[in-house]
Amino acid sequence: MVSLRRITLLFVHLCALVGILSLYHVADGIFFAIFLFVYAVGIYADVKEFYPIRRWILNASAIIFSLYFLSFISLEDLLRPFANTVLLLLAIKSLEEKKFRDMYQILLLSLFAVSISTVYNLSISFAFLLLLVIGLGVSSLVFINLQKNIGEKVVSYRVVKSYAFVSGAFFLAVAFLTIPFFVLLPRTQTPLFDLFGRANSGLKTGIADSVSLGKVGEIQQDNTVAFRVYGLPKGLENLYWRVSVFDTYIGNQWISTRKYPIPNPPLKGNPIQYTVMLEPTFEKYLPALDYPVAVLNIEGFKGRVYMSSGGVLATSEEITKPIRYTAVSTNTPFYDDPQEYTKVPENVSRSIVELAKELSKGAKKQEDMLKRVEGFFSKGFKYSLKLEKYEGNPLDYFLFVSKRGNCEYYASATAILLRLMGIPARVVGGFKGGVWNDYGKYYVITNSMAHVWVEAYINGRWIRVDTTPPYVSPGVKEISSFSLLRDAVVSFWYSNVVGFSSEKQFSLFKKLHRDIKVGLRPANIKGYISKVLEPALYLLLLYLTVKLYISSRKTPENLYKKLLTTLKVKGKPLPEVLLSHMKGSEVYPYVEYIVYLYQRHKFSPYKVYRDEIMEGYRALSSIKKVLKSKGLSNFHHS
């Protein structure tokens, strides 16, 4: 036996705790900890049924502190004050003696808390929290109304299990019925609470505005997913994802001084189309494969997309939430004025100048110079993320002392050497590689794949030059099959739930209309009928086989059914009624034994053994013999 009030409060408190935990990264940390502690005190008060603080004091406190938190509302910080206020109200409600209206209010506040968290969390964890709070909320409502009807009584665990089962079944039915509404209701590209964009916090790739020596090396140790790419075949190698192009080296870093829109390049080479799902970067660039030529469409973004100098896809607004776009790229570099990429740093050391002269000495063609530069870095140089401390010029130390560095050092030294030889060169920042996710059939690109390389202008075209030794980041090596499976689930969530846009909805409706129109053709209808009838026939045969097997089994139920058939009983009389009508007949002892087995199996916890069932079937044979030899009257029940 258990207290119905305690069971009701258990569901209400679980629902409230889910709502509170959903605001973990939304509310201020100090207030979150304080209000969570206060709520725990409220749970303890419910266990002890001791409420020392008067209700009017709690209500006055709720009003005063709510006004305090709401006074911090601004366009830059719209929802954090609301989150603090909801936590405050939940904490205060927990300290009150729970009447029915208080329980309803706690449930409503819990749902509101999870709704606020959507602004900062659109991942699949939000779906889990939402389903959990709705499931617990439904169970809470069921038990609250049960308590209102029968009072604060002690009930059996069987009653609790029955009502919990009913509430769970109701929740599953509601969840299932919401699917058509999700598909059919009109939708907007802008989330309800994202009217002013998200806070300027989050992961930055670090290669959009500049490349500082050592900076990309830090990013290469971060295994967070940067973006996912769909539509490309499995097994592609040497995937280069273009993000930024840099033209000037100053202060030991590469920067881009030319950021202006250019016309979309002509479609040359072998065009390839693919779709990218990009995580928030808080930058204004869209990663693209090789040499992008166009963006066909973009979802979840209100700004403008254009081609920037250097062949980079740029945006007018920062990417503050996951977006999806379809791009077209080629393997043929487009024309870009090479004279913009010839400037040599003023403070370049004499040693580097002499090295460039030595490598170009005797070379008549630019291709020969390029080969000598590539050959220079292929001997004695090694890749390393752990850079030694040095004094003076970092490139001098890299080229002539350590000969160890990451991709920034190789790209920077290569570009400067080429420019000193009179070859236009630029540094390109982005990502290299991709892990194929066989569960979702797409490529995963993580921040650990951040990379920089060089493009040199030779014989009227840009050529990719990557002198960095082959290297696989430890973060990439740590990607397991389980993490890929988990990422496939996340990708499905973003693509089909978060990213279910009005365009996808319209495309789905068009496809359904087209399929229905084609399906109603007479030739197709005949085909559908044959396809339906064939499996239906197999299912019927399977059903008959299973039914025959069940009916042929020697069980107490089948024995009793055969008894009624043998006696030619009409209707379904109770066993007691059958015995009373057969009392005094010659077959009564046999009937009594069979009825006894049936009642024991059906209504008692005691098992009916195999030998007893076989004895019952022998009794049934005896009944048949007696009825046949004596010609006894059949039993009729009305």
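Residues numbered from 1 in each chain as written. Predicted model: local features only at pLDDT ≥ 70, side-chain atom pairs only at ≥ 80, totals over all residues. Heavy atoms only, no water.

(A) Representation of the packing of aromatic side chains within the structure. All chains considered together, the criterion is met by 28 aromatic pairs. Between Phe377 and Phe398 the ring centres are 6.4 Å apart and the planes differ by 15°, which places this aromatic pair in the stacked class. Taken together, the residues span a long stretch of sequence, with Phe377 in helix H10 (residues 366-377) and Phe398 in helix H11 (residues 394-402) at a distance of 21 residues. You'll find Phe377 and Phe398 in the same group, each marked buried. Taken together, the ring pairs connect Phe376, Phe377, Phe381, Phe398, Tyr409 and Tyr410 into an aromatic cluster. A cation over a ring is seen here: Lys148 above Phe100, with NZ or CZ 5.9 Å from the ring centre. (Phe/Tyr/Trp six-rings, centres within 6.5 Å; stacked < 30°, edge-to-face > 60°. Helix = DSSP H or I, 4+ residues; strand = E, 2+ residues; numbered from the N terminus. Buried < 20%, exposed > 50% of the residue type's maximum accessible area, 1.4 Å probe, protein only. Lys NZ or Arg CZ within 6 Å of the ring centre and 35° of its normal.)

(B) Local environment of the sheet that holds strand S18 (residues 435-437). Read from one edge to the other, the open sheet built from 6 strands follows the order S11-S14-S8-S4-S19-S18, with strand pairing classed as antiparallel. The outermost strands of the open sheet, each flanked by one partner alone, are strand S11 (291-299) and S18. Sheet twist, expressed as the mean angle between neighbouring strand axes with direction ignored, is 30°. Bridging between strand S8 (residues 272-278) and strand S14 (residues 323-330) involves 7 bridges; their strand directions are antiparallel. (Pairing = 2+ DSSP bridges. Axes fitted to C-alpha atoms, helices over the stretch in contact; angles between N-to-C directions.)

(C) Seen up close, a nonpolar patch on the surface. The grouping of Leu537, Tyr538, Leu540, Leu541, Tyr543 and Leu544 at the surface amounts to a nonpolar patch, some 640 Å² of accessible area in total. With respect to the secondary-structure elements, Leu540 resides in helix H16 (residues 522-552). Residue class for Leu540 comes out partly exposed when judged on its relative accessible area of 44%. (Patch = residues over 30% accessible without salt bridge, like charges linked within 9 Å, V, L, I, M, F, W, Y side chains within 5 Å. Areas by Shrake-Rupley, 256 points an atom, 1.4 Å probe, with all protein chains shown as cover. Salt bridge = Lys/Arg side-chain N within 4 Å of Asp/Glu carboxyl O.)

(D) Here's a closer look at the sheet that holds strand S12 (residues 305-308). Read from one edge to the other, the open sheet built from 3 strands follows the order S9-S13-S12, with strand pairing classed as antiparallel. The open sheet has two free edges, formed respectively by strand S9 (285-286) and S12, since each of these has just one partner strand.

(E) Broad picture of the pattern of salt bridges. A full pass over the atoms with the stated rule returns 15 salt bridges. For Arg464, the salt bridge identified is with Asp290, shortest N-O distance 2.7 Å. In this pair, Arg464 is assigned in strand S21 (residues 461-465) and Asp290 in the loop between strand S10 (288-289) and S11, connecting sequence segments 174 residues apart. By relative accessible area, which is 18% here, Asp290 ends up buried. A single network of salt bridges, built from pairs that share partners, joins Arg55, Lys93, Glu96 and Asp102.

(F) Up close: unusual backbone geometry. Even without being glycine, Glu49 reaches a positive phi, approximately 55°. In this structure, Glu49 sits in the loop between helix H2 (29-48) and helix H3 (55-70). Looking at Glu49, the relative accessible area reads 54%, which means it is exposed. Positioned with a positive phi, Lys403 is a non-glycine residue whose angle comes to about 55°.

(G) How the structure looks around helix H4 (residues 80-95). For H4, built from 16 residues, the straight-helix expectation of 22 Å at 1.5 Å per residue is met to within 8% by its first-to-last C-alpha distance of 23 Å. Extensive coverage of H4 is indicated by the burial of 13 of its 16 residues. (Expected span 1.5 Å × (residues − 1).)

(H) The nonpolar core, seen in detail. The biggest cluster of nonpolar side chains holds 46 residues, and the ones touching the most others in it are Phe227, Val229, Trp241, Tyr274, Leu278, Phe431 and Ile445. The biggest single contributor to this core is strand S4 (residues 225-230), with 5 residues. In contact with Phe227, not counting residues within four places along its chain, are Trp241, Val276, Met277, Leu278, Glu279, Pro287, Phe431, Tyr443, Val444 and Ile445. Leu23, Leu87, Leu109 and Leu129 belong to the second-largest nonpolar core, a separate cluster that totals 43 residues. (Core = buried A, V, L, I, M, F, W, Y, C linked by side-chain atoms within 4.5 Å. Contact = heavy atoms within 4.5 Å.)

(I) Here's a closer look at the packing of helix H18 (residues 575-582) against helix H19 (residues 588-603). Two elements in contact, H18 and H19, have axes whose closest approach is 10 Å; the angle formed by their N-to-C orientations is 170°. For the element pair H18 / H19, the angle class is roughly antiparallel. Counted together, Pro575, Glu576, Leu578, Leu579 and Met582 of H18 and Tyr588, Val591, Glu592, Val595, Tyr598 and Gln599 of H19 form the full contact between these two elements. The residue makeup of the contact of H18 with H19, split by class, is 8 nonpolar, 1 polar and 2 charged. (Parallel < 35°, antiparallel > 145°, perpendicular 65-115°, else oblique. Nonpolar A, V, L, I, M, F, W, Y, C, P; charged D, E, K, R; others polar.)

(J) Spotlight on the pairing of strand S5 (residues 240-246). Counting buried positions along S5 yields 7 of 7 residues, so the element is predominantly enclosed. Relative to strand S17 (residues 425-432), S5 is paired through 6 bridges, and the arrangement is antiparallel. Note that in S17 the partner of Val245 across the bridge is Val428.

(K) Geometry of the packing of H4 against helix H5 (residues 100-117). Relative to each other, H4 and H5 sit at 155°, their axes nearing to 10 Å. With respect to each other, H4 and H5 are oriented roughly antiparallel. Seen along the crossing, H4 lies across H5 with a hand that is left-handed. In this structure, H4 contributes Phe82, Ala83, Val86, Leu89, Leu90 and Lys93 to the contact, and H5 contributes Asp102, Gln105, Ile106, Leu109, Ser110, Phe112, Ala113 and Ile116. (Left-handed = near helix turned anticlockwise from the far one by under 90°.)

(L) Geometry of the environment of Leu232. In this structure, Leu232 sits in the loop between S4 and S5. Placed 209 residues apart in sequence, Leu232 and Lys441 show a C-alpha to C-alpha distance of 8.7 Å. Excluding its chain neighbours within four sequence positions, the residues that come into contact with Leu232 are Trp241, Ile272, Gln273, Tyr274, Leu289, Trp436 and Tyr443.

(M) Inspection of the side chain of Thr446 at higher detail. Along the chain, Thr446 turns up in strand S19 (residues 442-446). Reaching out from Thr446, the side chain makes a polar contact with the side chain of Ser448 at a distance of 2.6 Å. (Polar contact = N/O pair within 3.5 Å; in protein donor to acceptor, adjacent residues only side chain to side chain.)

(N) Representation of the pairing of S12. Across 4 bridges, the pairing between S12 and strand S13 (residues 312-315) is antiparallel. Note on S13: the bridge partner recorded for Val305 is Thr315. In sequence, S12 turns back onto S13 through a hairpin of 3 residues, with Gly310 there showing a positive phi of about 90°.

(O) Representation of the environment of Val489. With respect to the element layout, Val489 can be found in helix H14 (residues 481-498). Residue Val489 is classed as partly exposed on the basis of its relative accessible area of 39%. On a C-alpha basis, the gap between Val489 and Gly440 in space is 8.3 Å, while along the polypeptide they are 49 residues apart.

(P) Spatial organisation of a positive patch on the surface. Together, Lys547, Lys561, Lys572 and Lys602 make up a positively charged patch on the protein surface. By the secondary structure assignment, Lys561 is in helix H17 (residues 556-566). Overall, the relative accessible area of 52% leaves Lys561 in the exposed class. (Lys, Arg positive; Asp, Glu negative; His and termini not counted. Charge placed at Lys NZ, Arg CZ, Asp CG, Glu CD.)

(Q) Expanded view of the environment of Tyr588. For Tyr588, the location among the structural elements is in helix H19. Between the C-alpha atoms of Tyr588 and Ile623, which are 35 residues apart in sequence, the distance is 8.8 Å. The residues contacting Tyr588, other than those within four sequence positions of it, are Leu579, Met582 and Lys583.

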